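Given next are the chains, with one letter for each unit.
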Amino acid sequence: MSVIFSGIQPSGNLTLGNYLGALRNFTKVQDENECYYCVVNQHAITVPQDPKTLHERTRQLAAIYLAAGLDPEKAVLFVQSEVPEHVQLGWIMTTMSYVGELERMTQYKDKASKRGDSVPAGLLTYPPLMAADILLYQTNLVPVGDDQKQHLEITRDLAQRFNRVYGEDVFTIPEILLGQDGTRVMSLQEPTKKMSKSDDNQTATVYLLDTPKDIEKKIKRAQTDSDNAVRYDREAKPGISNLMDIFAALTDKSHEEIEKAYAGQGYGTFKKDVAEATISVLEPIQKRYAELIDTPELDVILTKGAEKAREKASKTYEAVTKAMGLYR
Ligand code: ATP
Ligand code: MG
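Residue numbers run consecutively from 1 along every chain, following the written order of its sequence. Working convention: letters from A go to chains and numbers from 1 go to ligands, in the order in which they are written. Given that this is a predicted model, residues contribute local features only at a pLDDT of at least 70 and side-chain atom pairs are listed and counted only at 80 or more, while totals for whole chains, interfaces and linings are drawn from all residues. Derived side-chain values reflect all non-hydrogen atoms in the structure, with water molecules and hydrogen atoms excluded from consideration.

### A look at the packing of helix α1 (residues 16–28) against helix α11 (residues 238–251)
Argument step 1. To obtain an axis, a line is fitted to C-alpha atoms, over the contacting stretch when the element is a helix, and the angle between two such axes runs from 0 to 180 degrees between their N-to-C directions. Comment: elements are numbered from the N terminus, with helices defined as DSSP H or I runs of at least four residues and strands as E runs of at least two. The interhelical angle for the contact between α1 and α11, taken along N-to-C directions, is 45°, at an axis separation of 11 Å. With respect to their mutual orientation, α1 and α11 come out oblique. Both α1 and α11 take part in a crossing whose hand is left-handed. Contact with α1, carried on its side by Leu 16, Leu 20 and Arg 24, involves Ile 246, Ala 249 and Leu 250 of α11 and no other residues of that element.
Argument step 2. For this classification, the nonpolar set comprises Ala, Val, Leu, Ile, Met, Phe, Trp, Tyr, Cys and Pro, the charged set comprises Asp, Glu, Lys and Arg, and every other residue, Gly included, is treated as polar. For the contact of α1 with α11, the class distribution of residues is five nonpolar, no polar and one charged. Under this scheme an angle from 65 to 115 degrees is roughly perpendicular, one under 35 degrees roughly parallel, and one over 145 degrees roughly antiparallel; angles in between are oblique. If you view the pair so one helix is near and one far, a crossing is left-handed when the near helix is turned anticlockwise from the far one by less than a right angle, and right-handed when it is turned clockwise. In what follows, residue pairs with any heavy atoms lying within 4.5 Å of each other are defined as contacts.

Rendered as C-alpha cells:
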C-alpha cells in the first residue's frame, strides 16, 4: 500500500485537461492505497481571486472530486486552508529553496510573464508550498498531469536537501505517477499551449460542467489545419493531434486505430465523434455533481477529511520542527 497525495486549485472551472491528466487517475488508485486529495485554495491565491468566487469554487471542486468517483470512505478529501500545517511547512520549505531554482520553473515563467511589473511573490514560492502539501503525508506517489513534472522534481530535491541537513528519515521521497499516456490536453484555440482552467478564452477550453451543446460547438470550432487528414503529428498538426489525444484517452483507442477509422473522412466526422465521446464521459459526472452540490453531506465529508488529514500532517510537522530545533 502506498500513500498518494494530489491537489487541484479552485482557480477556475475544472477542464477536460484536469480530468484526463489528473482527476480520472485519482479514483483508479483509491481502492488499494492510502489517498489524500486536496482542494488547494492557498495555491489559488498566488494570483488575485475574487473572495465570493473562490469560496464557491472551493465547494464546487470538492463536489466534482466526488462526482468523478472519489469515495470518501476510501480516500481523504479536504480543503488545504483547513489544515494549517500546509502553510507552516510551506514556509519552512521556502526557507530551504533557492531563488534561482524557483525562477527556473516554467509555470512561474508562464504565469509571471502575464503580470507585467506586478508579479506576486506567491507565484515564485508556489513550488515549496506544493512540496509541503506532498511531504506532510509521507507521500510515495503523486498523480498529476505531465505539466507538473518539474514541480515534482523540485519537491524531491527539497525533501532530499532537508533530509541531508536535518536527518535522513524525516521525509519520504515521493515519485510522480503519470497517467498511462501522460496526457497533456492542449488549448482548443492555441494547440501549442496547455488547456488551463484559468485561461480567459472560454472557447479554448472544455469545462467538465459544459452543456452538450457547448461541448459540440467548442470541438467543432477547434483550431486544425487545412490538410483535412486525421493523422497524428504533434509538430506539423498540433490541433488535430490534440483532438486525437483526447479521443484516445476517452475511448482507449490508439492513434493508429483512429487514423485507420477516419481515413479519407475529413475533420467534420472525426470532430463530431470526439464531441460525442466527451459528452458521454461527462454526462454522468454532471448528473452526480448536481445531486451533491447543495447537500449538507458534502460539508460533513470535508470536515471529517480535514480532521483525518490533520492527524497525519501534524505528526510530520512535529518531526520537522524537532529536527530543526524550531521549538522552545
Ligand atoms: P491553472 O490554470 O489555475 O494553473 P490548471 O488547469 O493548470 O489551472 P491545476 O489546478 O494547476 O489546473 O492542476 C490540477 C491538475 O490538473 C494537475 O495535476 C495538473 O497536472 C493537471 N492538469 C492541468 N492542466 C492539464 C492539461 N491541460 N492536461 C493534463 N493535465 C492537466
Ligand atoms: Mg496549473
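After that view of the structure, there is still more to cover.
### Examining helix α13 (residues 266–292)
Argument step 1. Here the expected span of a helix is defined as 1.5 Å times the quantity of residues minus one. Between its first and last C-alpha atoms α13 spans 41 Å; for 27 residues at 1.5 Å apiece the expected length is 39 Å, and the two agree.
Argument step 2. At Leu 282, α13 shows its maximal kink, close to 30°; a proline, Pro 284, follows between one and four residues later. A residue's bend is simply the angle between two axes: one fitted to the seven residues ending at it, one to the seven starting at it.

### Points about the UniProt feature "binding site: L-tryptophan" (unreviewed entry) in the chain
Argument step 1. UniProt positions are given in the numbering used here, feature names are shortened, and annotations may be inferred rather than shown by experiment. The UniProt record annotates "binding site: L-tryptophan" (unreviewed entry) at Asp 133.
Argument step 2. If we skip the residues at most four places from it in the chain, Asp 133 touches Phe 5, Val 40, His 43, Gln 80 and His 86.
Argument step 3. By the criterion applied in these results, polar contacts are pairs of N or O atoms within 3.5 Å in which, for protein atoms, one can donate a hydrogen and the other can accept it, and in which residues neighboring in sequence qualify only through two side-chain atoms. Here the side chain of Asp 133 touches His 43 through a polar contact of 2.8 Å, side chain to side chain.

### Section: the site of ligand 1
Argument step 1. Distances are taken per atom, and a residue is near a molecule or strand as soon as one of its heavy atoms is within 4 Å of it. By nearness alone, 20 residues border ligand 1, and Lys 111, Asp 147, Lys 194, Lys 197 and Ser 198 come closest of all.
Argument step 2. The contact in question runs from an oxygen atom of ligand 1 to an N or O atom on the backbone of Gln 9, over 3.0 Å.
Argument step 3. Within the side chain of Lys 194, a nitrogen or oxygen atom sits 2.6 Å from an oxygen atom of ligand 1.
Argument step 4. Note on areas: Shrake-Rupley with a 1.4 Å probe; residue coverage comes only from the protein chains shown. Summarising the interface, the protein chains cover 98% of the accessible area of ligand 1, which totals 600 Å² for the free molecule.

### Some points on the environment of Trp 91
Argument step 1. Along the chain, Trp 91 falls in helix α4 (residues 85–95).
Argument step 2. Exposure classes here rest on a 1.4 Å probe applied to the protein chains alone. A residue is buried below 20% of its type maximum, exposed above 50%, and partly exposed in between. On the basis of relative accessible area, Trp 91 is assigned to the exposed category, the value being 57%.
Argument step 3. Along the sequence, Trp 91 and Leu 243 sit 152 residues apart, while their C-alpha atoms lie 41 Å from each other.

### Structural notes on unusual backbone geometry
Argument step 1. Look at Gln 138: it is not a glycine, yet its phi comes out positive at around 55°.
Argument step 2. Along the chain, the position of Gln 138 falls in the loop between α8 (126–135) and β4 (141–143).
Argument step 3. One non-glycine residue, Asp 252, lies in the positive phi region at around 65°.
Argument step 4. In this structure, Asp 252 sits in the loop between α11 and α12 (255–261).
Argument step 5. Judged by its relative accessible area of 65%, Asp 252 is exposed.

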